[in-house]
Amino acid sequence: NFHPIFFLKLPYLLHLAGLPKKTQTYLFFQIHANNVDAFRTHLAQLVPHITTIAQVKADLDQIAKNKQSGDNQLLKLSGINIAFSQKGLTLLGITDAIGDDVFKAGMLADAKNLGDKNKNSSGTFAPDWDPAFLEDIHGLILVSGDSHTTVSKQINHIEHLFRMNGKNASIHKVISIVGDVRPGEEKGHEHFGFLDGISQPTLDGLTEFEPFPNGEKVPTIAQGVTLVGRPGDKVTNRPSWALDGSFLSFRYLFQLVPEFNSFLQANPIPGMPAAEGSELLGARLVGRWKSGAPVDLAPLKDNPTLGADTQERNDFRYTADNNDQQTQDRCPFAAHTRKTNPRADLEDHGIPTDPQRIIRRGIQFGPEVSAGEAASGKTAQGRGLLFACYQSNIANGFQFIQTKWANNVNFPPFKTAVAAPGFDPIIGQENNDNSLRTMEGTNPASQGTALSLSAEWVVPKGGEYFFSPSISALKGTFAT
Ligand code: HEM
């Protein structure tokens, strides 16, 4: 007699820390157009392996029991999810209007609007993406686990289910990308070095399912901001099978880590030792210190105790300056976390931010920076973030945050003291023009001075919009 939400799939709700997820494989696939019926049969065999919250909870209970009995062995945990692009839905003959035009058109059609670079020096727009993401991608299978061995076993099993190496194959791989949590002390930190995945919304009515909300002190949002068809989903007339599904926006984001670090070194905040000035600049670009402590609560010095405190590290609204959010003493208006979740900057003007909340489930890819790269200040090996976020409406979620907030130099609004807050220094972008890549407020002692941000340190190399259906939709609509 579980609450229906208990049968939701793993990724929406489970906090990164909840499952010992160490590695994740993103398998982007194409369905064979002449073997769609076989695909449905194969999919039906995959469905029992897709992870629900109920399964994860059982696994975590088992871990707790093992610990009690002195057996500290990690369970071989893994999780599987599947999601489809519009092209995938069309091929499967699922033609009901799902109510999301951005999803329907796909990310390639949205690349220009998102601000991605044009590979063609003139004429038609062609994003400078990995060629795999220029191909038709019909779906994505996501496998997470505690080790490469566990994940490879699951991938082998999936290849077998879809007969990928045989005559009756129903899908083939377009590209598969392996993401890995960073090693040692860097666990949970993205490649620039900052603790990530801290600020996640929690859905109304899920508090009974501890440890899923993750214990963070965060306001809850309506379930329908994330889950299609639940209260708070503003789109009506969705097909009934879409209930409890969620749209997944995926971005293949490369990070130029040595270049980012060189920039911090070259532009320390004046008035303090250079190394501290560079560290403070980094924190002011992100909105948090590397430990996760928000600059709004710890403006001058990192506070690792605060960064680790799940009760306190999200308990801020950019109101600590106590000046009607008109000064940037503590946090620049354009800092990444402030751009992507402006809190009081909008809410205190009667504009809700809930519709823009997304659940982020990304993971890092690529090796650690080598000594040679660090010394030269130049990236030689690809690394970055497999950015993945869930929302019930892409135009209100990922797309809104990227285009209306991060890329918009005038956001957040109502700031009379500055000409324009500037770009989000981490993800703000605008096609082939870098002249607008400036932000104000990096130096607390000279807040109106604009800092030129140089070229982007985050380079998008592809992506797609997907719909991740509920288990019952997979069984009743996709696999039959
Ligand atoms: C927060 C890094 C891309 C949206 C953060 C945080 C870091 C970070 C360090 C602070 C930790 C936290 O609050 O959880 C990055 C890096 C990116 C990237 C390095 C690219 C490589 C994106 C993209 C979006 C995004 C593409 C959406 C368009 C957010 C949001 C938050 C966040 C919504 C939470 C803000 C809050 O609630 O306070 N990011 N991010 N990020 N990021 Fe990103």
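For the structure, check the block above.
Everything quoted here is computed from the prediction, not taken from an experiment.

Thresholds applied
- Residues numbered from 1 in each chain as written.
- Predicted model: local features only at pLDDT ≥ 70, side-chain atom pairs only at ≥ 80, totals over all residues.
- Heavy atoms only, no water.
- Helix = DSSP H or I, 4+ residues; strand = E, 2+ residues; numbered from the N terminus.
- Rg over C-alpha atoms; globule rule 2.2 N^0.38 Å.
- Buried < 20%, exposed > 50% of the residue type's maximum accessible area, 1.4 Å probe, protein only.
- Contact = heavy atoms within 4.5 Å.
- Areas by Shrake-Rupley, 256 points an atom, 1.4 Å probe, with all protein chains shown as cover.
- Lys, Arg positive; Asp, Glu negative; His and termini not counted.
- Charge placed at Lys NZ, Arg CZ, Asp CG, Glu CD.
- Salt bridge = Lys/Arg side-chain N within 4 Å of Asp/Glu carboxyl O.
- Near = heavy atom within 4 Å.
- Polar contact = N/O pair within 3.5 Å; in protein donor to acceptor, adjacent residues only side chain to side chain.
- Nonpolar A, V, L, I, M, F, W, Y, C, P; charged D, E, K, R; others polar.
- Axes fitted to C-alpha atoms, helices over the stretch in contact; angles between N-to-C directions.
- Parallel < 35°, antiparallel > 145°, perpendicular 65-115°, else oblique.
- Left-handed = near helix turned anticlockwise from the far one by under 90°.
- Expected span 1.5 Å × (residues − 1).
- Arc of directions from axis to C-beta.
- Donors = N, O, S within 2.8 Å, 3.2 Å for Na, K, Ca; no water.

Within the protein chain, the secondary structure is distributed over 15 helices and 13 strands. Relative to a compact globule of 480 residues, whose C-alpha radius of gyration would be 23 Å, the protein chain shows 22 Å and is just as compact. Across the 480 residues of the protein chain, 56% fall into the buried class. Within the protein chain, contacts between residues separated by at least 24 positions form 71% of all contacts whose residues are at least 6 apart in sequence. On the protein chain, roughly 19700 Å² of surface is accessible, and the fraction owed to carbon and sulfur atoms is 53%. Charge separation in the protein chain, taken as the distance between the mean sites of 44 positive and 49 negative side-chain charges, equals 4 Å.

Here we come to the pattern of salt bridges. Any two side chains of opposite charge can pair, on the condition that their charged atoms come close. Evaluation of the coordinates by the stated rule reveals 15 salt bridges. Measuring nitrogen to oxygen at the nearest pair gives 2.9 Å for the salt bridge that ties Arg 251 to Asp 116. Here Arg 251, found in strand E7 (residues 246-255), pairs with Asp 116, found in the loop between helix H6 (111-114) and strand E3 (139-145); they are 135 residues apart in sequence, far enough to count as distant. Asp 116 matches Arg 251 in its accessibility class, with the two residues each being buried. One salt bridge connects Asp 345 with Lys 415, and the closest N-O pair in it is separated by 2.8 Å. With a gap of 70 residues between them, Asp 345 in helix H12 (residues 344-347) and Lys 415 in the loop between helix H14 (398-406) and strand E11 (438-440) connect regions that are remote in the sequence. Owing to a relative accessible area of 0%, Asp 345 belongs among the buried residues under this scheme. Residue classification places Lys 415 among the buried positions, given a relative accessible area of 10%. Here the salt bridges share partners, and the residues they tie into one network are Arg 182, Glu 186 and Glu 368.

The environment of the ligand is formed by 27 residues, the closest being Ile 198, Ser 199, His 336, Arg 343 and Arg 360. Contacts to the ligand include Gly 197, whose backbone N or O atom sits 3.3 Å from an oxygen atom. Of all the elements in the fold, those that place two or more residues in the shell around the ligand are E7, helix H11 (336-340), strand E10 (384-391) and H14. When its residues are assigned to classes, the shell around the ligand shows 13 nonpolar, eight polar and six charged.

Quick look at unusual backbone geometry now. Backbone geometry follows two general trends: most residues other than glycine have a negative phi, and most peptide bonds adopt the trans configuration. With an omega of -5°, the peptide bond between Phe 411 and Pro 412 qualifies as cis. Within the secondary structure layout, Pro 412 lies in the loop between H14 and E11. Although it is not a glycine, Arg 343 adopts a positive phi angle of roughly 50°. Assignment of secondary structure puts Arg 343 in the loop between H11 and H12.

This next bit is on the packing of helix H8 (residues 257-266) against helix H9 (residues 274-286). At a minimum axis separation of 8 Å, H8 and H9 run at an interaxial angle of 120°. As far as their axial angle goes, H9 and H8 are oblique. In this structure, H8 crosses over H9, and the sense of that crossing is right-handed. The residues of H9 that touch H8, namely those facing Phe 260, Phe 263, Leu 264 and Gln 265, are Ser 278, Leu 281, Gly 282 and Leu 285. Of the residues in the contact of H8 with H9, the class split is five nonpolar, three polar and no charged.

Mapped onto the elements of the fold, Arg 383 is located in the loop between helix H13 (371-376) and E10. A relative accessible area of 0% places Arg 383 in the buried class. Among the polar contacts made by the side chain of Arg 383, one reaches the side chain of Glu 373 at a distance of 2.7 Å.

With that out of the way, let us pick up helix H7 (residues 148-161). Taking 1.5 Å of rise per residue, the 14 residues of H7 would be expected to cover 20 Å, and the 20 Å separating its terminal C-alpha atoms lies within 8% of that figure. Residues of H7 that are buried include every one of Thr 150, Val 151, Gln 154, Ile 155, Ile 158 and Leu 161, and no others. Taken end-on, H7 shows its buried residues confined to a sector of 130°, consistent with a single buried face. Exposed side of H7, more than 90 degrees from the buried face: Thr 149, Lys 153 and His 160 are the residues found there. Against strand E1 (23-31), helix H2 (36-46), strand E2 (78-84) and E3 lie the buried residues of H7. Two residues or fewer past H7, Arg 163 is found with a positive phi of approximately 50°.

In this structure, Gly 282 sits in helix H9. Through-space distance from the C-alpha of Gly 282 to that of Phe 260 is 9.0 Å; in sequence the pair is 22 residues apart. Not counting residues up to four positions away in its chain, the partners in contact with Gly 282 are Phe 194 and Leu 264.

Moving on to the coordination of the iron atom of the ligand. Protein coordination of the iron atom of the ligand is limited to a single donor, His 336 (NE2), which sits 2.1 Å from the metal. Within the secondary structure layout, His 336 lies in helix H11.

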